[in-house]
Structures are given as structure tokens and as C-alpha cells.
2 protein chains.
Amino acid sequence: MTAKAPDQSPRRGPGRPRHETPSAEFLERRESIIDTALEVFKQRGYDSGSLDDVAAVLGLRKASLYYYVRSKAELLYFVFDRAINRALERLETLTSADESPRQRLEALIRHQVMVVSDDPSLFTVFFDQRPHHDGEYEAEIQKKERRYLRLYAQGVTDDAEAGVLTNIDPRYAAQLVLGMTNWTYKWFDPSRDDAEALADAAVQLVLGSSDVDGD
Amino acid sequence: MTAKAPDQSPRRGPGRPRHETPSAEFLERRESIIDTALEVFKQRGYDSGSLDDVAAVLGLRKASLYYYVRSKAELLYFVFDRAINRALERLETLTSADESPRQRLEALIRHQVMVVSDDPSLFTVFFDQRPHHDGEYEAEIQKKERRYLRLYAQGVTDDAEAGVLTNIDPRYAAQLVLGMTNWTYKWFDPSRDDAEALADAAVQLVLGSSDVDGD
């Protein structure tokens, strides 16, 4: 069989030709679709937000959108990938900064509270209801997630071992800090709760009565 | 239509007669089925453990099991209800005990770590993949869950306000403590991790350098 030109009807599955080497224009257009999708899903929920909603905001026909993303599951993959890339970039900056262990632990706690509280519904989908992506996509996301967790845990472990946390198994400390900050997506309501105040509280809970650097 | 005697084939839905006032014998038998189901699901996973597995362990035909529970979803409801009743009972004892605020906060942290680490896969289902129960069941579970959370949060809040945690919004403190302990179900592996050591670490993280009562 020869490859066919994409038709107008949405199709999924192995029959759809892949863009082996997508053009710069194609990628740029897709990036802006992902930007929009992030906003649309954040507003309308990742469950109920649809490709129709994204197409409408972009002023595209749904058929045109399908030229760039093959399904909502694929779009969610791109959205997760974008979110994890951003968070990973900030985490890398933060863990390589020239700070005291105490300052770095504080920064790690604040960072994770801000990442999760900025878009709790993203994490509901990411942590609990991740749609079934094909093997390649899922492997890619998991690779980045593992890298993120390793980097985060290493940061907490290093700070704990540098004496910021005493008498505490550094591996458990890392999981506890990740837990208290990640759990935010289960209850944080941006219309009621305050992310900065929560970050202050988390820092205070872990770093105790030493003064909190709020500025 | 008149009610029919239960037949041998499993049926779900509104057609199946309810036991309006189940006999003591019926309830007792069902309790032992729930005990077994808790063990079976804990061993085999809540996802893959089936009614067949439960029936096999009990030495019952599946058709007989259906006399007591109408579906896996219903059995899961009973399992959740049992788990939440037990945890609630211990929490009530603990919050009404005559202890110092510091001791109580420590007990609250330990309690939640032990509850979750004892059966992480139960909480994976409970928190993330709760099956759709009918309205009455779901309302009942949610009522108990809210009571549990209220009692837990009130305990942490009281202890925080009594001066155990300083400079920290008590409402956020309660969510952070619940988060660090509940998150356990996402990573705790009973074959690798140690629940007591994790509880020690959690107490130490929150209550800092004061000595940890391990005995």
C-alpha cells in the first residue's frame, strides 16, 4: 500500500501516516496548539475539555487540528511532556544553584508546591488517570518522570545528609517531602487557597522555627 | 411484576431483590466474606483480584457468593467500609486520649502512616480508582471519609494551636501532614520499605529534634 494524503475525517491508529521529520512550521504550529490546550484544559478540566474546545479557541476546524494531533490522548501526552519539561528545567536550575543546603531544601519545597498548585487538575490526570498512551509515548513520559523524581530525591537527600534534617532516613525524607507537596492536587482550590501561604507552611513544617525567607 | 427467587446466574442492577432486613446469619456470613476479600485483594491486587478468587478461598461456588454480594463493585464498597470503620475507630480512640498535644500529633502521624502502609493497594483504589457505586453507597463512604478527615484535621489543628507547630497556618498544616502520610500508597513497597522507620521519619520531619518516642 502507498501512503495516502491525509483526508478530512479524523482517524486514529496505525493507518495514519506519521510525520517522520516534521517541518519547523509544523512543530511551531503544534507548540501553539499545546499552549492553548494547557489553558483550555486548566480552565475546563482535563476530563471534560475536548479537542473541539481547543479547536474553537484556536479558530481551527477540528479536521485541521487532527493534522497536528491525532487524538485527545496524544494531545494530553504533549501537554504532560510540556509540563514536565518546564518543571524539570526549573528543578535543574534550582538543584545546581550555589545555595546553602538549607536554602536549597526550602527552594525544593517551594518549587513543588508552586508546580502542583498552579494546575491541580493536570496532576489529577497525570498521577491518577493517565490515559493509555502508546508504548513510545508512555516510555518517554516515564523516563522524564523518573529523572525528575531522582533529581528531586537527590536534592532532599543531599540537604538531609548535609545536616539540615537530623536523625531522619534521607530516602524517607525525600518521599515525605514529595508527598506533602504533591498531595496538594487532591485538595488545593485556587479560588480559596493561597499557594504562597501553603509554600510558607510547608517550609515551616519541615524547617521548623528557623526564620522563613519569604522574599 | 412480583419478586422472583434468586436464581443461579449472577445478575446486577435494579432487578435483584435487596435484603431489606438481613438476618444475623446473613450479616455474619457476609462479614466473613469481607474479611476474606480484604486478604485476597491485598495479596492479589484490587484490580486483578476477582470474585472467583474470593469464592475459591472461601470454598464457595461463585453463585453462592452472589447471594451475599452482587458484584465486585459492591464487594469493594464493603471492603472500603470495613477499612474506613477500623481506621475511624482507631482515630477516635487516639484523638480522645488524654495525651499532650505533642504526643497526640505524633500519634496522628504514626497512625496515618501505619494505616496506609499496611495496604497501599487499597488506597490506590480508594483514592484514585474508586469504582462507581450507586448513590447510596457512595454517599455513605463519602460521609465517613469526610468525618475521618474532619477529625484528623481537627486533631492536627488543635495540636498546632496548642503551640506544637509555630508560625504555621493550622489548616495547611493538617493538609501537609495528611499529604506526607497518605502519599505513602504511591511508593511504599512492603517488601522493601519499613513502616515503623517511615513513621519515625515522618514524626522526626514534623516534630524536629525533640526525641522520638520509638517504644
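Residues numbered from 1 in each chain as written. Chains lettered and ligands numbered in written order. Predicted model: local features only at pLDDT ≥ 70, side-chain atom pairs only at ≥ 80, totals over all residues.

J.: Lay out the interface of chain B and chain A in plain terms, naming residues and giving numbers.
T.: Each partner contributes residues to the interface: chain B has 26 residues there, and chain A has 26 residues. Counting only elements with at least two residues in the side of chain B that touches chain A, the list comes to helix H8 (170–182) and helix H9 (195–207) of chain B. Per-element tally for the side of chain B that touches chain A: the top contributor is H8(B), with eight residues. Split by residue class, the side of chain B that touches chain A holds 15 nonpolar, nine polar and two charged. (Contact = placed C-beta atoms within 7 Å. Helix = DSSP H or I, 4+ residues; strand = E, 2+ residues; numbered from the N terminus. Nonpolar A, V, L, I, M, F, W, Y, C, P; charged D, E, K, R; others polar.)

J.: Help me get a handle on unusual backbone geometry, residues and values and all.
T.: All names here are of chain A. Its identity is not glycine, yet Asn 167 carries a phi of approximately 55°, on the positive side. Examined against the element boundaries, Asn 167 turns out to sit in the loop between helix H7 (135–161) and helix H8 (170–182). According to the C-beta neighbour criterion, Asn 167 is partly exposed, with 13 such atoms within 10 Å. (Buried ≥ 20, exposed ≤ 12 C-beta atoms within 10 Å, placed from the backbone.)

J.: Pulling in residues and values, what's your account of the relation of the copies chain B and chain A?
T.: The operation relating chain B to chain A is a screw motion whose rotation component is 180°, with 0.0 Å of axial translation and a residual RMSD of 0.0 Å. Taken together, these values place the two copies in the relation of a two-fold axis. Ranked by how close their C-alpha atoms come to the rotation axis, the residues of chain B are headed by B:Met180, at 2.0 Å. Looking at the interface residues of chain B, 100% of them are also at the interface in chain A, so both copies use one shared face. (Least-squares fit on C-alpha atoms with pLDDT ≥ 70 in both.)

J.: Could you give an account of helix H6 (residues 120–128) of chain A, with specific residues and numbers?
T.: An α-helix turns once per 3.6 residues; consequently, residues spaced three or four apart project the same way. Residues and elements named next belong to chain A. Looking only at H6, the buried set comprises Leu 122, Phe 123 and Phe 126. One side of H6 holds all its buried residues, which, seen down the axis, span an arc of 90°. Taken together, the buried residues of H6 touch helix H1 (24–44), helix H4 (72–96), helix H5 (101–118) and helix H9 (184–187). (Arc of directions from axis to C-beta.)

J.: Can you break down helix H1 (residues 24–44) of chain B residue by residue, with the values?
T.: Residue and element names in this part refer to chain B. Taking 1.5 Å of rise per residue, the 21 residues of H1 would be expected to cover 30 Å, and the 30 Å separating its terminal C-alpha atoms lies within 8% of that figure. For H1, every residue scored as buried is listed here: Ile 33, Ala 37, Val 40 and Phe 41. One side of H1 carries all its buried residues, which in axial view fall inside an arc of 90°. Of the exposed residues in H1, those oriented more than 90 degrees away from the buried face are Ala 24, Leu 27, Glu 28, Ser 32 and Gln 43. On the buried face of H1, the contacting elements are helix H2 (51–58), helix H3 (62–68) and helix H4 (72–96). A positive phi of about 95° marks Gly 45, the residue just after H1. (Expected span 1.5 Å × (residues − 1).)

J.: Account for the nonpolar core, with residues named and values stated.
T.: The biggest cluster of nonpolar side chains holds 105 residues, and the ones touching the most others in it are A:Ala173, A:Ala202, B:Ala173 and B:Ala202. In this structure, B:Ala173 is in contact with A:Ala201, A:Leu205, B:Val156, B:Ala160, B:Leu165 and B:Ile168, ignoring residues within four places of it in sequence. (Core = buried A, V, L, I, M, F, W, Y, C linked by C-beta atoms within 7 Å.)

J.: Could you give an account of the domain arrangement of chain A, naming the residues involved and the relevant values?
T.: Residue and element names in this part refer to chain A. Per the domain assignment, the segments of chain A are domain 1 (24–69) and domain 2 (76–207). Taking only C-alpha atoms into account, the centre of domain 1 sits 27 Å from that of domain 2. In this complex, domain 1 contributes eight residues to the contact, which on the side of domain 2 involves seven residues. Tallied by class, the residues present in the side of domain 1 that touches domain 2 amount to six nonpolar, one polar and one charged. (Domains from an automatic or database assignment.)

J.: Outline the packing of helix H10 (residues 195–207) of chain A against H8(B), listing residues and values.
T.: Contact geometry for H10(A) and H8(B): axes closest at 9 Å, N-to-C directions at 65°. Judged by the sense of rotation from one axis to the other, the crossing of H10(A) with H8(B) is right-handed. Side by side, H10(A) and H8(B) meet where A:Ala197, A:Leu198, A:Ala201, A:Ala202 and A:Leu205 of the first sit next to B:Tyr172, B:Ala173 and B:Leu176 of the second. Residues that form the contact of H10(A) with H8(B) fall into these classes: eight nonpolar, no polar and no charged. (Axes fitted to C-alpha atoms, helices over the stretch in contact; angles between N-to-C directions. Left-handed = near helix turned anticlockwise from the far one by under 90°.)

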